[in-house]
Each structure stands twice: as C-alpha cells, then as structure tokens.
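Chain by chain, the residues:
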2 protein chains.
Amino acid sequence: MISNELIKDMGNSSWIRRMFEEGVKLKQQFGAENVYDFSLGNPELPPPTSVTDSLKRIVNSEDVDVHRYMNNAGFTDVRKKVADSINKTTEVPLSTEHIIMTCGAAGGLNVCMKTLLNPGEEIIIFAPFFAEYRFYISNFGGKAVIIPTNKETFQPDLKELEKNITSKTKAIIINSPNNPTGVVYSECILRKMADLIETKEKEFNTSIFVLSDEPYAKITYDNVAPPNMLNIFKNSIIVNSFSKSLGIPGERIGYIAVNSKIENLDLLINGLVFCNRTLGYVNAPALFQKIIANSLEDCIDMTAYTKRRDLFYTSLTNMGFSCVKPEGAFYLFPKSLIEDDVEFVLKAKDYNLLLVPGSGFGWKGNFRVSYCVSMETIENSLPAFEKLAAYYKK
Amino acid sequence: MISNELIKDMGNSSWIRRMFEEGVKLKQQFGAENVYDFSLGNPELPPPTSVTDSLKRIVNSEDVDVHRYMNNAGFTDVRKKVADSINKTTEVPLSTEHIIMTCGAAGGLNVCMKTLLNPGEEIIIFAPFFAEYRFYISNFGGKAVIIPTNKETFQPDLKELEKNITSKTKAIIINSPNNPTGVVYSECILRKMADLIETKEKEFNTSIFVLSDEPYAKITYDNVAPPNMLNIFKNSIIVNSFSKSLGIPGERIGYIAVNSKIENLDLLINGLVFCNRTLGYVNAPALFQKIIANSLEDCIDMTAYTKRRDLFYTSLTNMGFSCVKPEGAFYLFPKSLIEDDVEFVLKAKDYNLLLVPGSGFGWKGNFRVSYCVSMETIENSLPAFEKLAAYYKK
C-alpha cells in the first residue's frame, strides 16, 4: 500500500524521536518534573530580544506584503544581508546570488542532495553523525559511505577518508561543531582534508563537494571559533540554520551559501533554486526570513549554555563517566558504562533518565545527553545518574 | 557536476515562473504601472483581520514556546481544530491523528508522493494541470499519466480515465476548483469516478488513492460548494493550503487530512509523518500553525475577487475571447486567438501583457490569466487586450 523502501526505512527510524516519545509516556506516568529528558535538541532558552523585537515591529506594522510569494531563493534584501554577514569572516566574497534561503538546514541538505546526486553516487559522512543524514541521502538515490572518526578525539580520520573516496564520491558532509559529540574539527585536519580532496579530484577528474552543515557554528565555548569552510574548501557549500543559534527550531529557517569560486556556478545555483521550488518548499517561510535578517550577528545566551555544560561535564566525569569536553553544540557524548549502549540507555530509563544510544548516531558504546534544558533539570537528574553509575559498579 | 536528470527537468521548467521573470524585466524597462502582469497566483488581497489579529496577539504575548519543535505532525491543538473544522462538512469523522500539518500543499503533495510511490508506479493527472505535479511525481520515481479533460467543459473524461487505470496506478490527483481553468468538478462525475475506481481496485486487487489538492476550496463564486472528496472517495487524502484562502502564500502552511476509512491507516499515517520529517520539512512552520488554527472558517474578501472575475470575464468574452466562466480559483483560461498558444503569449508581451501559455499546463491552444491583481491593473490592461485581439483580427 505504501512504499516498500519506506517501510524498511521506518524500521530503522530515529532513536532521538523514539526516546522523545518514550519520554512523553514516562512523563504521563511519573509527572514531568520527575523525568529527566535529555533526548532532544529543542532549545529551552528564549530567542535573543532582537528576534522578539523584530517580530513585534513587523507584525504590528501590518505590512502584509511580507507574507506573499517572493523569488524561490528568498527575499533579495535578506539574501544580501546574509551574504554581507558571511563576508565578515571569510576571504571568499559572496553576494546575494550565492545565498538561497531554505526551510532550515534539513530542508537545505535535502535540496543539496536532490541537486547533486545521480543514482548510486556516494556521500561520505563521519561517524558519529546526525542520524537523519542517511535518509536525506537515500531520498534521492545516493549511497551513504560511513567513515569512523578517531576513537579518542572524534576528529576525522584522513587515512580512512583516503581509502573511501572513489570516482563515485559526490560530496562529503562535515558537521562541526558536531552533533552528537560537541567536537569542533581542527583547522589543521581540515586543511589536510582539502589537500586530499584536491588530489582525489584530479585523480578521478571529478568535483567533490564539501557540504558543511553548521547549525551549531555560533554555539561554541571557551572562545573557540570553528574553522571557516569557505576559506578551506573550494567546492564548499554551507548549509546553516537559525534553529539553534536563535532558538526558533519550529520556524524552519536557514540558508544555503555556495562558494563563489566553484566552477559552473550558475548551473549549481539554478539547480538548487529549482529543487527548493520543486521539492515543495517553494520558498523559506517568509516572515522568518525577515526576522533572521535582523539578528544575523545574534545568538541565544551562551553564558547559560556554558554553565550547563560545565556542571554536567564535571558531574558526570566525577562519577566516572569518560567524556570528551564539548567545544560546541549542546551535547555530551560519554562512553556507556557497558559495551552495549542500547542496553545501557534502556536501563537508564529505570531511573527516569532519557538518553539516546550512540548506535542512533552510527557509533556503539557511547550515549548522547542533550543539555539544552534548564539547570534545574540537570541538577535534579544528578542523583539518578549516580544511581545508574552505582548499578554498574556493583 | 549536478544531477543529469535535474538538468533535463530544468529545461522543461515552469512557464509561470518564466513569465513572472520576464515581467520583472519588462517592468524595469517600461515601469511597473505600464506592465500588466497576470502570470502568478500571488494573492494581492490582504489576509483576513483574524490572521493579522492573532499574529499580533501571539507575538505581543511573548510566548516563545510557540517557536520550538513539536511533534513532526504538528501541534496537537492545531490538528484537533483542523479535524473539527473538516468534520463540519463531511460524513467521515476525522480526529487529531488524521491531520498532518505541512509546508503548504506543495510540501504535502511531495510527502504523499514519497510515502506512496514505489519506482515506476503511476500517478494519474487530468490536463490541464498545475505544472509542478510532474516534478512532485518524478522526484520519487513515479510516472505521471496525463489524461485530457472534456474540451468544452474541462470536466474529467471517465472513458479516458478507465482506459488508463492499470495495476500500477497508485493515485489520481484531483484539483478542483482547478488551476488553470477555474472549473469545479461536478459531484455527479466524481461519484461515477469513485465507482470506476472501486471496480478497478477489485480488478487489480490494489488500493488507488485520490489525492485531492484543494488550495482553492474556499475560493468559489455564485454559492458553488465544491463536492466533498472524503464523502465520495474511500481512499482519499486531502492536501490543503492556506496560501490562497488566507492570502499568506509565502508562509508555507497547509495540511494533509487522511480519510479515516482507509485500511491499514496507521501505516499510512506513520509513513506520512516520517516523510514530513525526513524530507527535511521536519514540521510545518510553528507560528503559522497557531495562526491558521484561529482562522479556519475565514477567507480573503471574495466580493473583491468576484468583481475582478466578472469584469475580466465579461470584457474578454465581449472582445471575442472564448472562455469557460470560472466557478472557483482566480484564473481565466481562454482560447488563444491562434492555435499556437506559446506564439500568442509571446505576441501579448509586445502589448506588455504577461500571460501563461496553456502548454505550461499540458494543454495547447489556451492561455491563463491570473486575476488575483488589483481592479486597476485589470481595467488598465483592457485596451492592451483590445489591441492584441485587433492584431489577430486583421
């Protein structure tokens, strides 16, 4: 009755959503205040005041033209502002035409896949990875090639990458700051990766795109600045979202920015705009295009996230959990106390702790906690983590 | 460099957008007030006050939770209200679970295609048709089977339909009130179609879905009420949008409503929600879900559209154009004054008239004028139409 391929995919569906839904049940049973839900990256902090201020200004002005159709690539003034903002930190000059407003980064990535992929072509992703990538790739007949990162640092392993680039490699997805590890990929490794890609492009006479999925680019700690992908990779396409940085994930607003140095650029841009239209997004939501244009340099309160990270990281490592200290995003990715991360996460549920198994990110033996929750939730959950740790120390 | 299939598709791209873009050029050359742009269905009338009122109320209340993630199917309270609203006019009771909020009808249709289609399965569409259907179908490996309607009435031709239903027919798209003809399909013909579909389902032991694309359901004239598809077709899925009825096409808000009588309903609904997520829509834009929930019974000013239709229809028929009088939507679809509708539309450009050739809708020999423009634009354009008609009468 429905697509056979889909039925298979649904069987392998998202652990994140599964735990989120488990959480809804547990909360009904025990009361929301007694369930510690670290399953979803649903920012708890309010948007910056610039967002709420421009919402009020535009809505109260009764400018109704803002709700109408525009160019499928988005409002021209908005795209210009996005380009100008990117230009502040890159050596590659972008202008209006290089920006396509999208329904979030998820929409942007699907548009890129549809635009780039011929059947059977390969997209390389580094594990652990955001689980939805596999669907975005298979939606358009692509094949996901999964490469493990370094076990201690979660940095890309260039030897593994070199072995896996083929004549069918269409693109490499980079997600730094990374979901689920919180790791920021090092500039040194990325520059070596760029050299490797250039060598392979020559060897195979192909273009290999770097799709940089950057929703956490502004969510960094300890003054870490993520390396600029447009400066490092020639065939780079930035996919960004304001979901996390402005705390508005439900509004579905983001953009694609293409490197102005790419060859045959017009064809690529026309393809992206065409797919943005014909995949049924049509255009990014109109009002929120105008809103983000006034908040391009803003970010939700990072002091609050820093406090959460520090409390959670220190507490868990003190309990004996082994964990890389996140430099970005709002996730911890500690080792599970037994090898089987799924069994571990199911046991955690007995203590009303909602975690996501590393297996959900293509990585066994770890688990993800999302700390975009209140300090109170973190504080109250610590005794439950203590009990969980004690259970396995017995 | 980009997808080969895509390069082919882009060559067959939308006439509507092409004329819209031609218009931008002409307006730069002659001034906007001297170009009569009837190319795009971009509603000129403002949204009903209920829309602007609830926008102000929600935004000024500073409820920021409204911008966060929710269930991929949409806010539960919104889906309940949509179901209740549909229940007022149907005999098939719907509840929250039967409603999935989408990024407009274009998003909803893509979600349906991805959910339903196995490679090579067929979707039947009636010509003339909204040109984007072909892309929505091919995006997911489906094959569009195009059937002409009756030449005089533009009503579906059931004999043609009967010949074209095969064991591979997965669905039939119905778009009534129709873009581009403005015709409302008759209940009598639709009931006969339902019988035919049931017979064919038994013959082939398949389910054949009716996808009713209804963005113009509220845009009707002379008290015409479009037949209720849930009452007529058992395997029916409604795809709707608030773009036209509430005048907010840029905001990308609509829904899918599935008939509660469909067998294996849970599988279908789970598939639709999964595809809404994994195609990268994730969820329909959050704020506008809440907005439309307060305006479900509202519509933009139909008196204004009626005036436009009457003036335009009367004027063009008086000039000698042959045209079915629209009962819905905001398009006229007159015969072109020569057989070649593309040549005719290109000639019209000499008079600063921007029309869309019927060929863009899979129908030669006619052209579409969109009258969701100001009365002034219609009035001022009439001398240009006179000159165009005179040119061909010489």
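Nothing here was measured: the structure is a model prediction, and the numbers come from that model.

Cut-offs applied
Sequence order sets the numbering: in each chain, residues are counted from 1 along the sequence as written. Key to labels: chains lettered from A, ligands numbered from 1, both in the order written. Confidence filtering applies because this is a predicted model: local features only for residues at pLDDT of at least 70, side-chain atom pairs given and counted only at 80 or more, and all residues used for totals across whole chains, interfaces and linings. Side-chain numbers come from the whole structure's heavy atoms, not from hydrogens or water. Labels follow the DSSP assignment, with helices taken as runs of H or I lasting at least four residues and strands as runs of E lasting at least two, numbered in each case from the N terminus. Whether a residue is buried, partly exposed or exposed follows from its accessible area with a 1.4 Å probe, protein chains only, as a fraction of its type maximum: under 20%, in between, or over 50%, in that order. Residue contacts follow a heavy-atom distance rule, with two residues in contact if any of their heavy atoms lie within 4.5 Å. In these tables, accessible area is a Shrake-Rupley quantity obtained with a 1.4 Å probe, and a residue counts as shielded only by the protein chains included in the view. To be clear, the arc concerns the directions from the helix axis to the C-beta atoms. We call two N or O atoms a polar contact when they sit within 3.5 Å, provided that within protein one can donate a hydrogen and the other can accept it, with sequence-adjacent residues counted only if both atoms are side-chain atoms. Ring pairs are drawn from Phe, Tyr and Trp, using the six-membered ring of Trp, whenever the two centres fall within 6.5 Å, and their geometry is named by plane angle: stacked under 30 degrees, edge-to-face over 60, tilted for the rest. Buried area counts how much accessible surface, traced with a 1.4 Å probe, disappears from two parts once they are put together, with both parts' losses summed. Whenever a carboxyl oxygen of Asp or Glu lies within 4 Å of a side-chain nitrogen of Lys or Arg, that contact is scored as a salt bridge. Residue classes follow a fixed rule: Ala, Val, Leu, Ile, Met, Phe, Trp, Tyr, Cys and Pro count as nonpolar, while Asp, Glu, Lys and Arg count as charged, and any other residue, Gly among them, counts as polar. Residues below a pLDDT of 70 in either copy are left out; the C-alpha atoms of the rest, at least 70 in both, set the least-squares superposition of the copies. Any residue with relative accessible area above 30% and no salt bridge may belong to a patch, with like charges joined within 9 Å and the nonpolar Val, Leu, Ile, Met, Phe, Trp and Tyr side chains within 5 Å. Note: two strands are recorded as paired if DSSP finds a minimum of 2 bridges between them. The predictor rates its confidence in each residue with pLDDT, a number between 0 and 100. Between N-to-C directions, angles cover 0 to 180 degrees, with each direction set by a line fitted to C-alpha atoms, over the stretch in contact for helices. Here, the term nonpolar core denotes a set of buried Ala, Val, Leu, Ile, Met, Phe, Trp, Tyr and Cys residues that are joined through side-chain atoms within 4.5 Å. Any angle that falls under 35 degrees is termed roughly parallel, while one over 145 is termed roughly antiparallel, one within 65 to 115 roughly perpendicular, and all others oblique. Handedness of a crossing follows from how the near helix is turned relative to the far one, being left-handed for an anticlockwise turn of less than a right angle and right-handed for a clockwise one. When charges are tallied, Lys and Arg are placed among the positive residues and Asp and Glu among the negative ones, while His and the ends of the chain are skipped. Helices are assigned an expected span. That span is 1.5 Å times one less than the residue count.

(A) Representation of the overall build of chain A in the model. Secondary structure assignment for chain A yields 14 helices and twelve strands. Seen through its principal axes, chain A has C-alpha atoms that stretch 65 × 55 × 50 Å. Out of the 394 residues belonging to chain A, those deemed buried represent 63%. Residue pairs in contact within chain A that sit at least 24 positions apart in sequence constitute 75% of those at least 6 positions apart. In the structure as shown, chain A presents an accessible area of about 14,400 Å², 48% of it carried by carbon and sulfur atoms.

(B) Main features of helix α1 (residues 4-11) of chain B. All names here are of chain B. Taken residue by residue, α1 has Leu6, Asp9 and Met10 as its buried positions. Around the axis of α1, the buried residues are gathered within 100° of arc, so they sit on the same side. More than 90 degrees from the buried face of α1, the exposed residues found are Asn4, Lys8 and Gly11. Its side-chain oxygen placed 3.4 Å from the backbone nitrogen of Glu5, Ser3 serves as the N-cap of α1.

(C) Structural context of the packing of aromatic side chains. Within this structure, the stated rule accounts for 42 aromatic pairs over all chains. An angle of 90° between the planes, with centres 5.5 Å apart, marks the rings of A:Tyr216 and A:Phe330 as edge-to-face. Placement of the pair is A:Tyr216 in the loop between β6 (209-213) and α9 (229-232) and A:Phe330 in the loop between α12 (302-318) and β9 (331-332), with a sequence separation of 114 residues. Relative accessible area serves as the criterion here: at 0%, A:Phe330 is assigned to the buried category. Centre to centre, the rings of B:Phe321 and B:Phe367 are 5.7 Å apart; their planes meet at 70°, and the pair counts as edge-to-face. Taken as a pair, B:Phe321 in the loop between α12 (302-318) and β9 (331-332) and B:Phe367 in strand β12 (residues 367-370) lie far apart in primary sequence, 46 residues in all. When sorted by exposure, B:Phe321 lands in the same class as B:Phe367, which is buried. What links up through ring pairs into an aromatic cluster is the set A:Phe38, A:Phe312, A:Phe321, A:Phe344, A:Phe367, A:Phe385, A:Tyr391 and A:Tyr392.

(D) Examining the interface of chain B and chain A more closely. On the chain A side, the residues contacting the 76 residues of chain B number 76 residues. Roughly 6,300 Å² is buried in total at the junction of chain B and chain A, and carbon and sulfur atoms are behind 58% of that figure. Our count for the chain B to chain A interface comes out at four salt bridges. Where chain B meets chain A, there are 40 residue pairs in polar contact (both at pLDDT 80 or more). Going through the elements one at a time, α1, α3 (49-60), α5 (104-116), α6 (133-138), α10 (265-278) and α11 (286-293) of chain B are the ones with two or more residues in the side of chain B that touches chain A. The element best represented in the side of chain B that touches chain A is α10(B), accounting for eight residues. Of the residues in the side of chain B that touches chain A, the class split is 37 nonpolar, 24 polar and 15 charged.

(E) How the structure looks around the side chain of B:Asn110. Residue and element names in this part refer to chain B. Mapped onto the secondary structure, Asn110 falls in helix α5. The exposure class of Asn110 is buried, given its relative accessible area of 0%. Of note is the side chain of Asn110, whose polar atom sits 3.0 Å from the backbone oxygen of Ala106.

(F) The relation of the copies chain B and chain A, seen in detail. Once turned by 180° and shifted 0.0 Å along the axis, chain B lies on chain A with an RMSD of 0.0 Å. Such a combination of rotation and displacement between the chain copies is what one expects of a two-fold axis. When the interface residues of chain B are mapped onto chain A, 100% of them again lie at the interface, so the same face is used by both copies.

(G) Structural detail: a nonpolar patch on the surface. Where nonpolar side chains cluster on the molecular surface, the patch consists of A:Met1, A:Ile7 and B:Leu267 and spans about 210 Å² of accessible area. Structurally, B:Leu267 is set in helix α10. For B:Leu267, a relative accessible area of 31% translates into the label partly exposed.

(H) The pattern of salt bridges, seen in detail. Residue and element names in this part refer to chain B. Applying the stated criterion across every chain yields a total of 36 salt bridges over all chains. The shortest N-O distance in the salt bridge between Lys27 and Asp37 comes to 2.8 Å. Taken together, the positions of Lys27 in helix α2 (residues 15-30) and Asp37 in strand β1 (residues 36-37) put the pair ten residues apart, joining distant regions of the chain. Taking relative accessible area as the criterion, Lys27 reaches 28% and is therefore assigned partly exposed. The exposure class of Asp37 is buried, given its relative accessible area of 14%. Glu263 is the salt-bridge partner of Lys234, the closest N and O atoms lying 3.1 Å from each other.

(I) Local environment of the sheet that holds strand β11 (residues 356-357) of chain B. The three strands lie next to each other as β9-β12-β11 (chain B), forming an open sheet whose pairing is antiparallel. Here the strands that pair on one side only, and so sit at the sheet edges, are β9 and β11 of chain B.

(J) Highlighting the confidence of the model for chain A. The pLDDT averaged across chain A works out to 95; a share of 99% of its residues lies at or above 70. Predicted as a complex, the structure gets a pTM of 0.96 and an ipTM equal to 0.96.

(K) Spatial organisation of the sheet that holds strand β8 (residues 254-258) of chain B. All names here are of chain B. With mixed pairing, the seven strands of this open sheet are ordered in space as β2-β8-β7-β6-β5-β3-β4. Two strands close off the open sheet at either side, each with one partner strand: β2 (99-102) and β4 (143-148). Each strand axis lies, on average, 20° off the axis of its neighbour in the sheet, ignoring direction. Summarising the sheet, strand β7 (residues 236-241) and β8 pair through five bridges and their orientation is antiparallel. Along β8, the bridge assignment pairs Ser241 with Gly254. Sheet strands in contact with α5 are β2, β3 (122-127), β5 (169-174), β6 (209-213), β7 and β8, and its direction is about 150° off that of β7.

(L) Layout of the nonpolar core. Ranked by size, the top nonpolar core spans 289 residues in total, and within it A:Phe385 and B:Phe385 carry the most contacts. When neighbours within four sequence positions are excluded, B:Phe385 is seen to be in contact with B:Phe38, B:Phe312, B:Leu316, B:Met319, B:Phe321, B:Leu353, B:Leu355, B:Phe367 and B:Val369.

(M) View of the packing of helix α3 (residues 49-60) of chain A against α3(B). The N-to-C vectors of α3(A) and α3(B) enclose an angle of 155°; their axes lie 9 Å apart at closest approach. By the angle between their axes, α3(A) is roughly antiparallel relative to α3(B). For the element pair α3(A) and α3(B), the recorded crossing hand is left-handed. Residues A:Leu55, A:Lys56, A:Val59 and A:Asn60 of α3(A) form the contact with α3(B), whose own contacting residues are B:Leu55, B:Lys56, B:Val59 and B:Asn60.

(N) Up close: unusual backbone geometry. Residues and elements named next belong to chain A. Of note, the bond from Asn179 into Pro180 is cis; its omega dihedral lies within 30 degrees of zero at 20°. Looking at where Pro180 falls in the secondary structure, it is placed in the loop between β5 (169-174) and α8 (187-204). Positive phi, close to 60°, is recorded for Phe154, a residue that is not glycine. Looking at the secondary structure, you find Phe154 in the loop between β4 (143-148) and α7 (158-164). Among the residues examined, Phe154 registers a relative accessible area of 4% and is labelled buried.

(O) Spatial organisation of the side chain of B:Arg368. Residue and element names in this part refer to chain B. With respect to the helices, strands and loops of the structure, Arg368 is situated in strand β12. Summary of buried charges: Arg368 has no salt-bridge partner, and the nearest side chain of opposite charge, Asp37, is 8.3 Å away. A polar contact is formed between the side chain of Arg368 and the backbone oxygen of Ser39, at a distance of 2.8 Å.

(P) α10(B), seen in detail. Residues and elements named next belong to chain B. When the terminal C-alpha atoms of α10 are compared, their 20 Å separation across 14 residues agrees well with the 20 Å that a helix rising 1.5 Å per residue should span. For α10, the tally of buried residues reaches eleven of 14 residues, placing the bulk of the element in the interior. Those residues of α10 not exposed but buried are Leu265, Leu268, Ile269, Gly271, Leu272, Val273, Phe274, Cys275, Asn276, Arg277 and Thr278. Once α10 ends, the next one or two residues include Gly280, with phi positive near 90°.

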